[in-house]
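Tertiary structure, described
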Amino acid sequence: MSKSYTLKAEARERVGKGSTRELRRNGQIPAVIYGEKQPPLPIALSYKDVYYRIHSGGFRTMVATIQLGSKKVQVLPKDYQLDPVCDTPVHVDFLRISSKSIVQISIPVHFLNEEECPGIQKNGVLNIIHHSIEAFAPATAIPESIEVDLTGYQIGEAIHLSSIKLPEDVEVIAHEGDFTIATIATPVAKEKSESAAADEMSKSDLDK
C-alpha cells in the first residue's frame, strides 16, 4: 500500500480569479475537495508543500489527510494544474474517500530481477509497452506499483497480463483482453547487422 501524508489547509471564503491571485502572492495555491455526496469544499494549501508532493512522484496514488483546523478529511488527489511556462502547481482537485471507496487509478509497473532474465543477459532489450496499468482499487489500499518478475524470460518472449500476480483487491481495466505488458526484444545492433547482411546477399544475387 502507498504511504499517506498530511497537508495543512485553510478554508477559502472567496473564490474567483482575484482571490486566487492573492493566494499565490501569499505562497498558497487554491484547491477543491469533491465527492462523497457532499458540497465542494474550497481550500488553500501551502505552495511549497504541494510542489514537493507533486514532484516527489506518486502524487495521484497516495492518500492524503487534509488538516482543516480541527477537522480531518481523507482524500485522493484527482487532478492538478501546472503553469505551462514555469511548471509550478496552480490548482489541485481532491476526491473525498472512505474505507469503502473504490477508485480508478493508474498504477505504475516496476520490472524486477533483470539479472535473472536470460534474454537481457544475452543483450536482449526490455521493450516496455505499458509503463502503467489502469485499474480499480480500494482508495485506502492503493498499491505503489504492479511488479513484473523478469526471471526466466528469453529473447522474443512477451510478458502478458495473465502471467503476473496482481495486488489484492485490484481489478485491471482491460480493454484489450490479455494484453502484452512488455517483450524481450532482439538487440537493435543485431537486427541491423542481419538486415545489412540480407541486403548484401540480395545485391550479390543481382550482380550475378
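So, a few notes on the structure that sits alongside this text. Residue positions are counted from 1 within each chain, in the order its sequence is given. Totals for whole chains, interfaces and linings use all residues, but because this is a predicted model, local features are given only for residues with pLDDT of at least 70 and pairs of side-chain atoms are given and counted only at 80 or more. To get the side-chain values, take all heavy atoms of the structure and skip hydrogens and water.

1. Observations concerning the overall build of the chain
Put simply, the rule reads: Secondary structure elements are taken from DSSP: a helix is a run of H or I of four residues or more, a strand is a run of E of two residues or more, and numbering for both begins at the N terminus. Exposure categories follow from relative accessible area, calculated using a 1.4 Å probe and restricted to protein chains: below 20% of the type maximum is buried, above 50% is exposed, and the middle band is partly exposed. Two residues form a contact once any of their heavy atoms are found within 4.5 Å. Note that accessible areas follow from Shrake-Rupley with a 1.4 Å probe, and for residues the cover is restricted to the protein chains shown.
Counting its secondary structure elements, the chain contains four helices and 13 strands. Relative to its 208 residues, the chain shows a buried fraction of 38%. Counting contacts in the chain only where the partners sit at least 6 residues apart, residues at least 24 apart contribute 64% of the total. For the chain, the accessible surface area stands at approximately 12,700 Å², while carbon and sulfur atoms represent 49% of it.

2. A short note on the pattern of salt bridges
Here is the rule we go by: Note on definitions: salt bridges are taken to be side-chain nitrogens of Lys or Arg within 4 Å of carboxyl oxygens of Asp or Glu.
In this structure the tally under the stated criterion is one salt bridge. For Asp 79, the salt bridge goes to Arg 60, with nearest N and O atoms at 3.0 Å. On the criterion of sequence distance, the pair formed by Asp 79 in strand β5 (residues 71–82) and Arg 60 in the loop between α2 (47–55) and β4 (64–68) is long-range, its members being 19 residues apart. The class for Asp 79 is partly exposed, based on a relative accessible area of 34%.

3. Focus on the sheet that holds strand β7 (residues 102–112)
To keep it simple, the criterion reads: We treat two strands as partners when DSSP finds at least two bridges between them.
One open sheet holds the four strands; their spatial order is β10-β7-β9-β12, and the pairing between them is mixed. At either end of the open sheet lies a strand with only one pairing partner, and these are β10 (146–149) and β12 (171–172). As defined by bridge partners, β7 adjoins β10 across four bridges and the pair is classed as parallel. What sits directly across from Val 109, in β10, is Ile 146.

4. Regarding the pairing of β4
Burial within β4 is extensive, with five of its five residues counted as buried. On β4, burial covers both faces: Ala 64, Ile 66 and Leu 68 on one face and Thr 65 and Gln 67 on the other are all buried. Where strand β1 (residues 5–11) and β4 come together, five bridges link them in parallel fashion. Each bridged residue has a counterpart across the sheet, and for Thr 6 the counterpart in β4 is Thr 65.

5. Some remarks on the pairing of strand β9 (residues 132–138)
Examined bridge by bridge, β7 and β9 share seven bridges and lie antiparallel to one another. Looking at the pairing, Ile 107 lines up with Ile 133 of β9.

6. Examining a positive patch on the surface
Our working rule: For patch building, the residue pool is restricted to those with more than 30% relative accessible area and no salt bridge; the joining distance is 9 Å between like charges and 5 Å between nonpolar side chains (Val, Leu, Ile, Met, Phe, Trp, Tyr). Charged-residue counts in this description rest on Lys and Arg as positive and Asp and Glu as negative, His and the chain ends being excluded. For the purpose of locating charges, the reference atoms are NZ of Lys, CZ of Arg, CG of Asp and CD of Glu.
Residues Lys 17, Arg 21, Arg 24 and Arg 25 make up a contiguous surface patch of positive charge. Looking at the secondary structure, you find Arg 24 in helix α1 (residues 17–25). Exposure remark for Arg 24: the relative accessible area of 37% places this residue in the partly exposed category.

So, to be careful, I would describe these as geometric facts and stop short of saying anything about function.
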